[in-house]
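Report on the structure
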Amino acid sequence: MPGIRARQKQRKRSDCLKRIIIFLAATAVGCAGFYMAGKGVLSNRIENALSASAKGVTVRWESMDILPLSPGIRLRNLSIEIRSRKGGDANTVARAHAAEAELRGLHLVHLLRHGKIRADLVRLRRWSGRLSGSISAASFQPDLKKDVTPHVDEKITSAVILGRMLLEDGQLEWAPKAADQEPAVAIQLEKLEWSPARHRGLGLQAMAGPVRIHLPRTQSVLSMRTIRLNPTNRLVEIGGVHLQPRWPVYKYSRKRGFQTDRIELRVDQVLLQWPHGGYPSSTPPDGKHPVSVVLKSPQLEVFRDRRVLRRKGPRKRKPLPYQVLKRIQMPFQIGEIKIQNGRVVFGEHNRGSRVPGKLSFDTINGWVHDFHMGPANIANCPAIRMEINCRLRDRIPTTINFTMEPGNPRFRLEGRMGSVNLPSLNPTIVPLAFLRIDRGRMEELRFRLDGNHLRLTGDVRVRYKDLKISMVKRSDPGERRGLASFLANAVLFSSNPKKNKALHAARVDLPRDPRRSFFNWLWRGILAGLKRSAGL
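Residues numbered from 1 in each chain as written. Predicted model: local features only at pLDDT ≥ 70, side-chain atom pairs only at ≥ 80, totals over all residues. Heavy atoms only, no water.

Attention now moves to the packing of aromatic side chains. Scanning the entire structure with this criterion turns up eight aromatic pairs. Centre to centre, the rings of Tyr250 and Phe303 are 5.5 Å apart; their planes meet at 75°, and the pair counts as edge-to-face. Residue Tyr250 is located in helix α4 (residues 249-256), and its partner Phe303 is located in strand β13 (residues 291-305); the two are separated by 53 residues in the primary sequence. Overall, the relative accessible area of 34% leaves Tyr250 in the partly exposed class. Taking the relative accessible area as the measure of exposure, Phe303 reaches 9% and is therefore buried. An aromatic cluster of three or more residues is present, and its members are Phe402, Phe411, Phe518, Phe519 and Trp521. Sitting over the ring of Phe258, Arg311 keeps its end group 3.9 Å from the ring centre. If you follow Lys498 out to its NZ or CZ, it ends over the ring of Phe493, 4.2 Å from the centre. (Phe/Tyr/Trp six-rings, centres within 6.5 Å; stacked < 30°, edge-to-face > 60°. Helix = DSSP H or I, 4+ residues; strand = E, 2+ residues; numbered from the N terminus. Buried < 20%, exposed > 50% of the residue type's maximum accessible area, 1.4 Å probe, protein only. Lys NZ or Arg CZ within 6 Å of the ring centre and 35° of its normal.)

Structure, rendered in structure tokens:
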């Protein structure tokens, strides 16, 4: 009996081995036949599906390799050209090229029977794309009265069904006018991965950088060192943000031909965090799922050269913050903005001054709550609240609170500044006001201002003692103007409060000049309160 069972097991093993050999031989013969006979049929099917899928779309490749085990194909030197419906070289919308393109998990039944490409994975390596001319949807839409050709996007979608897409080592450029023009947007894309089924909607993982965007209106370039998108953690990370004007400080206004602000911005890292259940894991963000933004080490520098003449003609009306927020249309809403270790520098060079004056706010830490934008989102949203703690000229502890109702022009500004020796502010005050503080100490400054679209009202309370100033000449800030200094000290309150008297609170009532900016209006209100507190 044991011998019979052993022979039966050996017979079963040999039968199984024969079946495996026959299966492998048939698979090899089938793959070889498919490769030899079906390569031309597959190539023709793909060419018909892509090239004839839409009018104005041309697809070419140098060679094709069949990947029978995937199954899939590999295209080398793939080039795609999309033209607008008007045709002509000048109206070319997009050109793309890839050194290598792979389609894996190809559904051959769909391709051979229906002429439609359906792949589980598409990978492009060493690719480049360039957009020229208008990229609006009108470039692709047909004239329904004259052209009955369906929409290009609909035809491409019906001919190509893609699953997971992986783009590696690519570059994307956009020239708004001509194909040979310097690109306005240049993006170096290290990795871009798209998987629609991974996160019940959009599943996008990307790593891009560097990114350069030219802004012709402000003559500046916006660059970003890296961009990383991780939908698993619901996080977008942008590193090395730099808004750099085209010209240096003293050439910017001269090159523009009129007096204007030169704005330069640097941010080490920007983090965008979506809450659980929000975009990009399920649906796009809305007011129910706002985004949290973190700005790490932002640095803002604003400089104006007042020695350059102003632009001729009447000045335009400057909008208020609530009007600006209504105009901004964002695909998501911001619930909270956190600022960590920031710095803001305001510089100005007046006529007759040898050196510019600078005012800096250092070590800025704060947050902004309920930062909503767009007319539909700010209709019933709560008030915007901002609280900032910083140090003026890296010496004076300063706290600023700002509250604004986004649907109307009412706002409130409150602030407090700590003690400081006033002569230490001379590097800022002398170039701007041609005034030097000889001695004095400020104990505390508090202000509270309420405003709307017409007026700014409130009060300013400042405690100081033993104040003495000197008026200096514009041509030589080191030389004192004797008579002007004597008259100014005669009118000036040397201390506030005076001996055995209550603190003098200066009342502010300042109408709005619509030709000046909102921040200039707030600064003039605080300055008016300081002058009245000192008796000027």
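This part covers the pairing of strand β15 (residues 357-371). Relative to β15, strand β14 (residues 334-349) runs antiparallel, the two being bridged by eleven bridges. Looking across to β15, one finds that Gly342 is bridged to Ile364. (Pairing = 2+ DSSP bridges.)

As enumerated under the stated definition, the model contains 29 salt bridges in all. In this structure, Asp261 and Arg304 form a salt bridge, with 2.8 Å as the shortest nitrogen-oxygen distance. Within this pair, whereas Asp261 is found in strand β12 (residues 261-273), its partner Arg304 is found in strand β13, the two being separated by 43 residues in sequence. When salt bridges with common partners are traced through the structure, they connect Asp65, Arg76, Glu100, Arg125 and Glu168 into a single cluster. (Salt bridge = Lys/Arg side-chain N within 4 Å of Asp/Glu carboxyl O.)

Let us now look at the nonpolar core. In this structure, Leu272, Phe411 and Met442 are the most contacted members of the largest nonpolar core, which totals 58 residues. Considering each element in turn, this core owes the most residues, seven residues, to strand β21 (residues 455-472). Leave out the neighbours within four places in its chain, and Leu272 touches Arg234, Leu235, Val236, Val291, Ser292, Val293 and Phe332. (Core = buried A, V, L, I, M, F, W, Y, C linked by side-chain atoms within 4.5 Å. Contact = heavy atoms within 4.5 Å.)

Limitation: the analysis is restricted to geometry and does not speak to function.
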